[in-house]
Amino acid sequence: MLIPATSIGESVLVHQGKAGASLEFRIIIPPVMQVLENSHPVLMDAEADGDWSAQQRLVVVSNMKRGFCVTLRMSAPEVDAWRLHTPQGSGITLDAVQDGYRLCTPRPGRYTLLLQHEFDATAQSATTGTLRWPVRTDITAL
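Residues numbered from 1 in each chain as written. Predicted model: local features only at pLDDT ≥ 70, side-chain atom pairs only at ≥ 80, totals over all residues. Heavy atoms only, no water.

The next subject is the sheet that holds strand β8 (residues 109-121). Spatial ordering of the open sheet is given by β1-β3-β8-β5, a layout of 4 strands whose pairing is antiparallel. Of all the strands in the sheet, the pair left with one neighbour each is β1 (33-39) and β5 (79-85). The mean angle between the axes of side-by-side strands here comes to 25 degrees, regardless of whether they run parallel or antiparallel. Bridge count for β1 against strand β3 (residues 52-62) is 6 bridges, and the pairing is antiparallel. Each residue of the ladder has a partner; that of serine 39, found in β3, is arginine 57. (Pairing = 2+ DSSP bridges. Helix = DSSP H or I, 4+ residues; strand = E, 2+ residues; numbered from the N terminus. Axes fitted to C-alpha atoms, helices over the stretch in contact; angles between N-to-C directions.)

Following this line, the structure appears as C-alpha cells:
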C-alpha cells in the first residue's frame, strides 16, 4: 500500500450500517463599488449667451446593500451658478447640498446616470469662452 499517510487521515471505510456526513459552506462576497465610466468633456466652449452646458455619463456597479451616493462639487471660481438635471427613476434621489448636488441610490446594482449640467459664467469669465470641466465627483458607500 503506497498511499501517503495524509490522504487516509480524513477518510473512513464503512462496511456495515449507515454512513453520514455534512458539509458547511460559507461564501463571503466582499463589498464592491466600481466606477466603470465617468465621461464628460475636458473643455467646454461657451454658448451664444456666454454660459456652458455639458452632459456627464457616470456608470457605477455596486453590491452594497444600502446603495451609494455621488456628491458633485463645484471646483471652478469662474462659474457663477450651476444647475444639474437627471431623469429620476429606479429610486435615485437628487438633492442640492451646500456646495453642489448629491445623488443617492437605495440598493445594489448597475446604474447609468446621465447628468445634464448647466453653468452660468461670472462677469469676468464671460469673455474667455472656454471652461475646463469644473465638477469634482466623489462616491460614498452607504
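The structure having been displayed, the exposition proceeds.
An order of β6-β7-β4-β10 is seen for the 4 strands of this open sheet, with the pairing classed as antiparallel. Two strands lie at the open edges of the sheet, namely β6 (93-97) and β10 (135-141), each paired on one side alone. For this sheet the average axis-to-axis angle between neighbouring strands, irrespective of direction, equals 20 degrees. Strand direction decides the pairing type here: strand β4 (residues 68-74) and strand β7 (residues 100-104), joined by 5 bridges, are antiparallel. Opposite cysteine 69, over in β7, you have cysteine 104 as the bridge partner.

Our next topic: the nonpolar core. Within the largest apolar cluster, 23 residues are counted, with the highest numbers of intra-cluster contacts made by Leu72, Trp82 and Phe119. The set of elements that each furnish at least two residues to this core consists of β3, β4, β5, β7 and β8. Ranked by residues supplied to this core, first place goes to β8 with 5 residues. In this structure phenylalanine 119 touches Met44, Asp51, Trp52, Met74, Val79, Ala81, Trp82, Trp133, Pro134 and Val135, once residues within four positions along its chain are discounted. (Core = buried A, V, L, I, M, F, W, Y, C linked by side-chain atoms within 4.5 Å. Buried < 20%, exposed > 50% of the residue type's maximum accessible area, 1.4 Å probe, protein only. Contact = heavy atoms within 4.5 Å.)

Purely geometric numbers; function is a separate question.
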